[in-house]
Amino acid sequence: MARPTGIRKTLPSLRRHQTPQEKAHDRPGRAFVELDGHRHYLGPWGTPEADQRYRNTLAEWIAADRRAPVSKDEITIIEVCDRFWSWALNHYRTHDGRHTSEIGMLKSAVSILKTVYGRELAADFGPLKLKAIQRHLIDSTIKRRGTPEAPVMLSRSTINKYIDRVRRVFKWAASEELIPASVHDALKTVSGVRAGRTEARETAPVEPVDMGRVEATLKHLPRQLVAVVRMQLLTGARPSEILTVRPCDVNTSGDVWEIRPEHHKGSHRGHARVVYVGPQGQEVLRPFLLRERDAYCFSPAEAEIERLAARHAARETPMSQGNVPGSNRKTIRQRKPRDYYDASSYRRAIERACEDAKVVAWNPYQLRHTAATMIRAKYGLEAAQAVLGHAELRTTQVYAEADRAKALEVAKAIG
């Protein structure tokens, strides 16, 4: 029988198995395909049914990341986690191919799941085992990075996010038919940790940042990040919405400019996002638009060049003495400056600047909260939702639909 058309030669081929008795009586035998060392019989050799089952089996094998089907009663949690991780590494990526921050959180959740119940059968994982992981997380402590304080307990919100990610592993496994769908359905019955019901630590609410601390910090940041901080305060935008802005994303035709980020928090859900920039914000942003249309406005590579130039200008040793400029730099750097800042590098830069300024550390999301508090106090909840781009009313406790005209009015007034 000829190989079915449309199948690459590098894929496992359709083969025939004949017993000596079948050969003696000129019987066709059975068709099979071998995947990962195991034969999968597809029916009588030479029949259209065997041909179609071969195609279906290969399609399912490719969809399962070229792994052979396994029995739902035999696959372990470690195997499920390994397959999920291979899928997650390809799925959780940004527009430029980098892994999202979610991949690090998933790695921790998968690690906990494998450590506690890795060798158990995935089909046997139920609500009580998920509650045991929940209890394990409640009893766990972490060492806060960069602080001399003793380890602290995980917060309640962090524990609930970990549990949601564990559920996500089993949801994916059910969609791949690695486990019965009833396993994931049962896990959905486990409630999250409720406030005041356990010893889990409660996190303090996000507070607006004191502007005196912000101004002291700005003296120790490169001009690129000074502009980002001021843009956040003037627009209420998320850090990523300003950090990745390019000239081609900015519409400068009106009194109020509009930034339409190519990728943002709600883009994968099909939500649109517009950041409105008033006169003060335009003055901050305008110098950074003088570059290629698709180049990032706020570049760490550009900031590094300016830092080295400033250090050279402040050099006190005569050029005829000491090191020649550039001679003491590493030939091959472990990390080269990137074309744009991400939320993590932005946050770390602010933390270092706070240390240099000897002020209490603050984070970029407090800037958005500061802007939101001011807009809400002066213009109301509806205006706050319109400017901040919240998709759900409960996010800003708004009871009316966001209005573009109101967002334009606020942007004109505040900057």
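Positions within a chain are numbered from 1, following the residues in the order the chain's sequence is written. In view of the model being predicted, local features appear only for residues whose pLDDT reaches at least 70, and side-chain atom pairs are presented and counted only at 80 or more, with totals across whole chains, interfaces and linings using the full set of residues. Heavy atoms throughout the structure, all of them, feed into the side-chain values; hydrogens and water do not.

**What to know about the packing of aromatic side chains**
Okay, step 1: For Phe, Tyr and Trp, where Trp contributes only its six-membered ring, two rings pair if their centres lie within 6.5 Å, and the inter-plane angle classes them as stacked under 30 degrees, edge-to-face over 60, or tilted in between. Throughout the structure, instances matching the rule amount to eight aromatic pairs.
Okay, step 2: Ring centres of Tyr117 and Phe125 lie 5.7 Å apart, and the angle between their planes is 80 degrees; on these two criteria the pair is classed as edge-to-face.
Okay, step 3: You can call Tyr117 buried: its relative accessible area is 15%.
Okay, step 4: Residue class for Phe125 comes out buried when judged on its relative accessible area of 2%.
Okay, step 5: Centre to centre, the rings of Phe288 and Phe298 are 4.9 Å apart; their planes meet at 50 degrees, and the pair counts as tilted. Placement of the pair is Phe288 in the loop between helix H11 (279-285) and helix H12 (300-313) and Phe298 in the loop between H11 and H12, with a sequence separation of ten residues. The same class applies to Phe288 as to Phe298, namely buried.
Okay, step 6: Put simply, the rings of Phe84, Trp87, Tyr92 and Trp172 pair up and form one aromatic cluster. For every residue, the accessible area (1.4 Å probe, protein chains only) is compared with the maximum for its type, and the residue is labelled buried under 20%, exposed over 50%, or partly exposed between those bounds. Secondary structure elements are defined from DSSP: runs of H or I of at least 4 residues count as helices, runs of E of at least 2 residues count as strands, and each element is numbered from the N terminus.

**A short note on unusual backbone geometry**
Okay, step 1: The backbone of Glu177 shows a phi angle near 60 degrees, a positive value even though the residue is not glycine.
Okay, step 2: Along the chain, Glu177 falls in the loop between helix H6 (156-175) and helix H7 (181-187).
Okay, step 3: A relative accessible area of 56% places Glu177 in the exposed class.
Okay, step 4: Its identity is not glycine, yet Lys358 carries a phi of approximately 60 degrees, on the positive side.
Okay, step 5: Its place among the elements puts Lys358 in the loop between helix H13 (343-357) and helix H14 (364-379).

**Quick notes on the confidence of the model for the protein**
Okay, step 1: Per-residue confidence from the predictor is given as pLDDT, running between 0 and 100. When the pLDDT values of the protein are averaged, the result is 81; 82% of them are 70 or greater.
Okay, step 2: By mean pLDDT, the top-scoring element of the protein is H7 (95), and the lowest-scoring one is helix H16 (residues 393-396) (46).
Okay, step 3: Low pLDDT, under 50, characterises residues 1-8; the stretch is placed with 16 contacts to residues that sit more than four places away or in other chains.
Okay, step 4: Residue contacts are counted whenever heavy atoms from the two residues lie within 4.5 Å of one another. Note on residues 392-402: pLDDT is under 50 here. Beyond four places in sequence and across chains, it has 20 contacts.

**Details of helix H8 (residues 211-218)**
Because the α-helix completes a turn every 3.6 residues, residues three or four places apart line up on one side.
Okay, step 1: Every buried residue belonging to H8 is among Val214, Thr217 and Leu218, and all of these are buried. The buried residues of H8 occupy an angular sector of 100 degrees when the element is viewed end-on, so they sit on one face.
Okay, step 2: In this structure, the buried side of H8 is in contact with helix H9 (223-235), H13 and H14.
Okay, step 3: With a side-chain oxygen lying 3.1 Å from the backbone nitrogen of Gly212, the N-terminal cap of H8 falls on Asp210. Working note: the arc is built from the helix axis to C-beta atom directions. Polar contacts, as used here, are pairs of N or O atoms within 3.5 Å; protein pairs need one atom able to donate a hydrogen and one able to accept it. Residues neighboring in sequence count only if both atoms are side-chain atoms.

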